[in-house]
Amino acid sequence: SQTIHQWPATLVQPVGSPLSLECTVEGTSNPNLYWYRQAAGRGLQLLFYSVGIGQISSEVPQNLSASRPQDRQFILSSKKLLLSDSGFYLCASPGSPYGYTFGSGTRLTVV
Amino acid sequence: GENVEQHPSTLSVQEGDSAVIKCTYSDSASNYFPWYKQELGKRPQLIIDIRSNVGEKKDQRIAVTLNKTAKHFSLHITETQPEDSAVYFCAASGAAGNKLTFGGGTRVLVKP
């Protein structure tokens, strides 16, 4: 079965610092991959999705970027964090047979 | 693109009563509608889903209904228990593996 690994679990970063969050998937090949952000007490906002290596689609113009250097690796980055980048970041992929499987998430606090 | 509205945003019920959450969607091409439960600080977990060729699906105490004509679907939880307290999200997509658009969530509190 499919497993999604995310790290780190929590992160506290100062404003203006860089960010790199990693997501890796096991148990499947060539998955669609998604990055979602959840602000405190809010819903899930789709940030980026990827259907293959090097293929990234951005849903929301923002301070973040994504890359997919390998089939099962999806990275979320920022060169300079803003306070508004704080939130719970979730990586997801279609599971079997339906629905998404989510990673355990990274809780980012920008201070 | 798809837009999913979810109501109510909060729901408080007495243990043993039923809870109903309603969602509407905008894209008539959407044909896959999952529901997720998210406990505090944890990832969302799929609890039930329905596809457009089905009008209703039930799994023990939870059921989902879909009205494609009206473009709305609902989650029903019967005989609620304290462990049902969580945030519930509806979602819609054009196919099972495609990107999901989520509703804003419903915080359910089951009072013992």
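Residues numbered from 1 in each chain as written. Chains lettered and ligands numbered in written order. Predicted model: local features only at pLDDT ≥ 70, side-chain atom pairs only at ≥ 80, totals over all residues. Heavy atoms only, no water.

Caption draft 1: Structural view of the nonpolar core. Residues and elements named next belong to chain B. Counting residues in hydrophobic clusters, the biggest one holds 23 residues, and the most contacted among them are Ile21, Tyr25, Phe33, Trp35, Phe73, Leu75 and Tyr88. Listed by contribution, the elements that provide at least two residues to this core are β2 (10-14), β3 (19-25), β4 (32-38), β5 (45-51), β7 (62-67), β8 (72-77), β9 (86-92) and β11 (106-111). Contact partners of Tyr25, with chain neighbours within four places excluded, come to Glu2, Asn3, Val4, Ser30, Phe33, Leu66, Asn67, Lys68, Lys71, His72, Phe73 and Ala92. (Core = buried A, V, L, I, M, F, W, Y, C linked by side-chain atoms within 4.5 Å. Buried < 20%, exposed > 50% of the residue type's maximum accessible area, 1.4 Å probe, protein only. Helix = DSSP H or I, 4+ residues; strand = E, 2+ residues; numbered from the N terminus. Contact = heavy atoms within 4.5 Å.)

Caption draft 2: Seen up close, the state of the cysteines. Evaluation of the coordinates by the stated rule reveals 2 disulfides over all chains. Disulfide pairing is shown between Cys23 of chain A and Cys91 of chain A; the S-S distance is 2.0 Å. With the S-S bond torsion at -65°, the cross-link from Cys23 of chain A to Cys91 of chain A turns out left-handed. Taken together, the residues Cys23 of chain A in strand β3 (residues 19-26) and Cys91 of chain A in strand β9 (residues 87-94) connect sequence positions 68 residues apart. The class for Cys23 of chain A is buried, based on a relative accessible area of 0%. Under the relative-accessibility criterion, Cys91 of chain A is labelled buried at 0%. In this model, Cys23 of chain B is linked to Cys90 of chain B through a disulfide, with the two sulfur atoms separated by 1.9 Å. Here Cys23 of chain B and Cys90 of chain B share a disulfide; its torsion about the S-S bond, -100°, makes the bridge left-handed. You can see Cys23 of chain B sitting in strand β3 and its partner Cys90 of chain B sitting in strand β9, a full 67 residues away along the chain. (Disulfide = S-S within 2.5 Å.)

Caption draft 3: Local environment of the sheet that holds strand β1 (residues 4-7) of chain B. Residues and elements named next belong to chain B. Pairing is antiparallel across the open sheet formed by 5 strands, whose spatial order is β1-β3-β8-β7-β6. In the strand order of this sheet, the two ends are held by β1 and β6 (56-59), each with one partner. Strand-to-strand twist of the sheet, defined as the mean angle between neighbouring strand axes without regard to direction, takes the value 15°. In this sheet, β7 lies alongside β6 in antiparallel orientation, the contact comprising 4 bridges. The partner of Lys57 across the bridge, within β7, is Val64. (Pairing = 2+ DSSP bridges. Axes fitted to C-alpha atoms, helices over the stretch in contact; angles between N-to-C directions.)

Caption draft 4: Broad picture of the pairing of β3 of chain A. All names here are of chain A. As judged from the 5 bridges shared by strand β1 (residues 3-7) and β3, these two strands associate in the antiparallel manner. Along β3, the bridge assignment pairs Ile4 with Val25. Sheet topology note: the β3/strand β8 (residues 73-78) ladder contains 6 bridges and is antiparallel. Considered in β8, the bridge of Cys23 is made with Phe74.

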